[in-house]
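# Architecture at a glance
Residue strings, one per chain:
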Amino acid sequence: MEASVAGLFSSLPEEHQDEILRRLPLPDAVRTSALSRAWRRRWESVPGLALSFPNGTPPGVVDGVLLCHTGGAVSSFAFIVDNASASHAGRWLVALSRRGVQSIDLRRPRPYPRILSRRRPPTLHSSIFSCAHLVSLHLQEFCLPPLPVGFAGFPVLEDLYLSEIKLPPNREGQLQAIIHGSPLLRVLYLEYVQDPVGGCVIQAPNLHSLTFISSENKGWRFGELPCLDACICYVDEYDEDEQDFGELLARVAQVEELTLHLPWCTEWENGVNVHMAPFTFYNLKSLELSIAFDCMSQMLVMFSLLKSSPNLDKLKVQFREYEEEFEHGELLSAQWTNGMCSNLQDVEILSFDYYLPMDFIKLILSKASRLRTLSLEATRLESSAVSQDDRINEILTCTRASAESQVLFKMHDEFEYIHFGRNLLDY
């Protein structure tokens, strides 16, 4: 059987054989050595091979593969760097930088629970900045080395994912220089990157997708992002002395998709400071929000966004810290203006407990004239003072502006929250 397979493969043109090997997972490509004598070392000479190693692979295996592979260019390299392999990663990067690698994905094993981890991550070798052919770069939990003198940037880089990255001390503008040196950058993902020394202006002429997740907003600025069409922003605490939240939103006003986690209510008087009047989200079609229902300043931010999004057709709101006795129907109704949500068709409301925000639900049903679906998801609490049937009947019998609107109920123990960060455990 193996002989017949080997004969079939060998009858193909050489470029087709190479393409088959490039498409195989690395372990399977290596196993083709057993097909026949002609295939014994065939994989070693294939240009553009993808080198992705399962978690727990001994570093010596990677050393051996890089030593054996003589095919020149490597298309991609992915490895989970544990303590045993951290000292090997430097020479891997040196070898990859000389082979025109197009994609690098280096991550650290995830501790559990993640928030308790206080380990100092290893520092990457400076050869990472010599990989001039990179199209995609994913780094999670490392210290970046200082930029080398004469850093030429990443001229063809399109995707940059940085998670839990520490920047070198006393090196102002390093992250900004990396972004500025990537003129083709289309996707930028920044998750808990150390606050940049001297600040960082995120400005990229071709950026289409931006994800910004941070514990606070200190040191971050947003410049011109003319091509941006999707933005995710998650900030735990917003410093009133830093950039106004409205200024940040103004930089992404042209997006079609926007996901926001509004900061937790702070002790300063006005909560989240946002001024929406100067700009409009003309292109915005989908808006996802995570807010505290009992924080009035956050509710006002949500209504400001709704007023400024005339073409919005999909809204998803995740309510945190909702308290049943905290209702403000008259105040919410006063925020509604003529023409507001005139194109809104699908609304999804997630609540951390069974106490649904009834005033907001009734307002949407009674005002959104083109509404098709209102989906309500909440966790079920046996101690609820109000029965499930009473809540459902109250919603089903309230006034509706759209005769075509449907209300869907999903009451269960758990539901999937709005997702801000990506799953860094999977390649």
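Notes on the structure follow.

Parameters at a glance
Residues numbered from 1 in each chain as written. Predicted model: local features only at pLDDT ≥ 70, side-chain atom pairs only at ≥ 80, totals over all residues. Heavy atoms only, no water. Helix = DSSP H or I, 4+ residues; strand = E, 2+ residues; numbered from the N terminus. Buried < 20%, exposed > 50% of the residue type's maximum accessible area, 1.4 Å probe, protein only. Contact = heavy atoms within 4.5 Å. Phe/Tyr/Trp six-rings, centres within 6.5 Å; stacked < 30°, edge-to-face > 60°. Expected span 1.5 Å × (residues − 1). Salt bridge = Lys/Arg side-chain N within 4 Å of Asp/Glu carboxyl O. Axes fitted to C-alpha atoms, helices over the stretch in contact; angles between N-to-C directions. Parallel < 35°, antiparallel > 145°, perpendicular 65-115°, else oblique. Left-handed = near helix turned anticlockwise from the far one by under 90°. Polar contact = N/O pair within 3.5 Å; in protein donor to acceptor, adjacent residues only side chain to side chain. Core = buried A, V, L, I, M, F, W, Y, C linked by side-chain atoms within 4.5 Å.

Now for the overall build of the protein. Counting secondary structure elements, the protein contains 11 helices and 16 strands. Classification of the 427 residues of the protein by burial places 49% in the buried group. Contacts spanning at least 24 positions in sequence make up 70% of the contacts within the protein whose residues lie at least 6 apart.

As a further point, take the packing of aromatic side chains. Applying the stated criterion across every chain, the model contains 12 aromatic pairs. Residues phenylalanine 212 and tryptophan 220 carry aromatic rings whose centres are separated by 5.1 Å and whose planes lie at 70 degrees to one another, so their mutual orientation is edge-to-face. This pair shows no difference in class: phenylalanine 212 is buried, exactly as tryptophan 220 is. Their ring planes at 85 degrees and their centres at 6.3 Å tell us that phenylalanine 303 and phenylalanine 360 sit as a pair that is edge-to-face. Of this pair, phenylalanine 303 sits in helix α8 (residues 296-307) while phenylalanine 360 sits in helix α10 (residues 358-367), and the two are 57 residues apart along the sequence. An aromatic cluster of at least three residues, connected via ring pairs, comprises Phe53, Phe77, Phe79 and Trp92.

Here we come to helix α5 (residues 86-97). If you check α5, its first and last C-alpha atoms are 17 Å apart, about what 12 residues at 1.5 Å a residue would give, namely 16 Å. Here α5 has its buried residues at His88, Ala89, Gly90, Trp92, Leu93, Ala95, Leu96 and Ser97. Check the buried side of α5 and you find it contacts α4 (59-68), β2 (74-80) and β3 (103-107).

On to the pattern of salt bridges. In the structure shown here, the tally under the stated rule is five salt bridges. Between aspartate 63 and arginine 91 there is a salt bridge, and its shortest N-O distance comes to 3.2 Å. Of the two residues, aspartate 63 sits in helix α4 while arginine 91 sits in helix α5, which places them 28 residues apart along the sequence. The exposure class assigned to aspartate 63 is partly exposed, which follows from its relative accessible area of 22%.

On to the packing of α4 against α5, then. The contact between α4 and α5 brings their axes to 11 Å, and the two run at 20 degrees. Classified by the interaxial angle, the pair formed by α4 and α5 is roughly parallel. Crossing of α4 against α5: the hand is left-handed. On α5, the residues that touch Pro59, Val62, Asp63 and Leu66 of α4 are His88, Arg91, Trp92, Ala95 and Leu96.

Before going further, it helps to examine α8. Over its 12 residues, α8 runs 16 Å from end to end, which matches the ideal 16 Å to within 8%, given 1.5 Å per residue. What α8 keeps buried is the set Ser297, Gln298, Met299, Val301, Met302, Phe303, Leu305 and Leu306.

For tyrosine 192, the location among the structural elements is in the loop between β6 (187-191) and β7 (200-202). C-alpha separation for the pair tyrosine 192 and isoleucine 165, spaced 27 residues apart in sequence, amounts to 7.2 Å.

All right, on to the side chain of glutamate 191 then. Inspection of the secondary structure assignment puts glutamate 191 in strand β6. In terms of polar contacts, glutamate 191 uses its side chain to reach the side chain of tyrosine 189, at 3.1 Å.

Attention now moves to the side chain of asparagine 343. With respect to the helices, strands and loops of the structure, asparagine 343 is situated in the loop between α9 (329-335) and β14 (346-351). For asparagine 343, the side chain forms a polar contact with the main-chain oxygen of proline 310, separated by 2.9 Å. Setting aside chain neighbours within four positions, we find asparagine 343 in contact with Pro310, Asn311, Leu312, Asp313 and Arg370.

Notably, glutamate 164 is not glycine yet its phi reads approximately 50 degrees, a positive angle. Counting through the fold element by element, glutamate 164 comes out in the loop between β5 (159-163) and α6 (174-180). Although it is not a glycine, cysteine 341 sits at a positive phi angle of roughly 55 degrees. Relative to the helices and strands, cysteine 341 resides in the loop between α9 and β14.

Residues Phe77, Ile104 and Leu106 are the most contacted members of the largest nonpolar core, which totals 102 residues. In this view, leucine 106 contacts Phe77, Phe79, Val81, Leu93, Leu124, His138, Leu139, Gln140 and Phe142; residues no more than four positions away in its chain are not counted. Counting five residues, the second-largest nonpolar core is a separate cluster that includes Tyr161, Val187, Ile213 and Tyr234.

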